[in-house]
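A closer look at the structure
Chain by chain, the residues run as shown.
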Amino acid sequence: MWWLSNPQDLHRIEDRISTLYVEKCHIDRDDNAVVLVNRERTVRVPAALVATVLVGPGTRVTSAAVRLLADSGTAMCWVGDRGVRMYAAGLGPSRGAGLLMRQAYLVTRTKERLAVARHMYGKRFPDEDVSQATMQQLRGREGARVKKIYREHAARTGVEWNRRVYTPGDPYAAGDDVNRLLSAGHSCLYGICHAAIVGIGASPALGFVHTGGATSFVLDIADLYKAEYTIPLAFDLAASGHIEERDIRTAFRDKVADGHLMARIVHDIKDLLLEEGAHDRDDDAMHLWDEFDGHVPGGVNWAADLADQWDGDTVLGVTGPDVDQQPPPW
């Protein structure tokens, strides 16, 4: 069973193929391989060599295949065409909660959270010193940077640009063509970031700049790449007259098909969350939390310790009837 699998017995996440995208296929299992079947051919894939399987449209999967992927530490993400939208996710490759607990530690302490936020902004302002900047100053710098990027791409492509228009919950209902393309492109980017975050065992909800939403950390990470990926792509498509949502979805799909973005996202997340020189431990510890010692071993009967501390004066117990006892008439 999956909880008996030791991460050291599996391929490390950095040694695996980052993603395998599957669409219009039947996914089944044959021994320790995932079998992908369509009308043209059958492909066998060693499950433990893949970090994340992106299950695209028109795909069926058997319970046996899901069990094998879970036992191999391979994440399953149900996505849109070419992984550009994230709908749901299964168990990720991470067996331990170390990265998640580190993320929770950082996000719940003001000093550490601010340091991570500065690190995020530092990736966007490589030539500026943001080590002493407040969140208000960082937001102001980011706003000015994004406005400048929009103006530069508008001038480069000749596309008319006024301002960013976005309607939460209905991003394609408002704004001009380039605004709608930006909303659709960002949605594609969010899907890739979400899959990466889930795949390495971090939380999509525990954001450092964004907060309060189930995908706050997804928004944090996606903001690192918009200026390089989705913004120039949206202006290029608008300039060429390709203004439908599908146009940017397929163009973004082709842009990230080499897998480099996924590897970069994983590297950046670990760079943000882990201390310099620290390694991401993926041990399936199965400890019990203790307020004094931090944790104690699981799988141990601790009744002896409780007996030593019990005063013996009062015992309260609740039990049900014997299995052969008839229930009362009422």
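Topic: the environment of Val 266
- Note that Val 266 resides in helix 9 (residues 260-273).
- Judged by its relative accessible area of 19%, Val 266 is buried.

Observations concerning the side chain of Lys 226
- Mapped onto the elements, Lys 226 comes out in the loop between helix 6 (216-222) and helix 7 (230-239).
- For Lys 226, a relative accessible area of 14% corresponds to the buried category.
- Apart from the residues lying within four places of it in its own chain, the contact partners of Lys 226 are His 186, Leu 189, Tyr 190, Ile 231 and Pro 232.

Considerations on helix 1 (residues 63-71)
- Looking only at helix 1, the buried set comprises Ala 65, Leu 68, Leu 69 and Ala 70.
- Lining the buried residues of helix 1 we find strand 2 (26-30), strand 3 (33-37), strand 5 (50-55), strand 6 (60-61) and strand 7 (75-79).
- Positive backbone phi, approximately 70 degrees, marks Gly 73, located one or two places after helix 1.

Digging into the nonpolar core
- Core analysis: the biggest nonpolar cluster contains 56 residues, and Ile 221, Tyr 225, Phe 252, Leu 261 and Ile 265 have the highest contact counts within it.
- It is helix 5 (residues 177-199) that contributes the most residues to this core, twelve residues altogether.
- Sequence-distant contacts of Leu 261, that is, excluding residues within four places in its chain, are made with Leu 189, Ile 192, Tyr 225, Tyr 229, Phe 252 and Val 256.

Brief notes about the packing of helix 3 (residues 110-124) against helix 4 (residues 135-157)
- Where helix 3 meets helix 4, the closest approach of the two axes is 11 Å, and the angle between their N-to-C directions is 20 degrees. With respect to their mutual orientation, helix 3 and helix 4 come out roughly parallel. Crossing handedness for the pair helix 3 and helix 4: left-handed. Across the interface between the two elements, Leu 114, Ala 117, Arg 118, Tyr 121 and Arg 124 from helix 3 touch Met 135, Leu 138, Arg 139, Glu 142 and Arg 145 from helix 4.

Some words on the sheet that holds strand 3
- Pairing is mixed in the open sheet, where four strands are placed in the order 4-3-2-6. Of all the strands in the sheet, just strand 4 (42-46) and strand 6 have a single pairing partner and so form its edges.
- Pairing of strand 2 with strand 3 involves five bridges; the strand directions are antiparallel. The partner of Asp 28 across the bridge, within strand 3, is Val 35.
- Sitting on the sheet, helix 1 touches strand 2, strand 3 and strand 6, and the angle it makes with strand 2 is about 65 degrees.

Criteria and cut-off values
- Residues numbered from 1 in each chain as written.
- Predicted model: local features only at pLDDT ≥ 70, side-chain atom pairs only at ≥ 80, totals over all residues.
- Heavy atoms only, no water.
- Helix = DSSP H or I, 4+ residues; strand = E, 2+ residues; numbered from the N terminus.
- Buried < 20%, exposed > 50% of the residue type's maximum accessible area, 1.4 Å probe, protein only.
- Contact = heavy atoms within 4.5 Å.
- Core = buried A, V, L, I, M, F, W, Y, C linked by side-chain atoms within 4.5 Å.
- Axes fitted to C-alpha atoms, helices over the stretch in contact; angles between N-to-C directions.
- Parallel < 35°, antiparallel > 145°, perpendicular 65-115°, else oblique.
- Left-handed = near helix turned anticlockwise from the far one by under 90°.
- Pairing = 2+ DSSP bridges.

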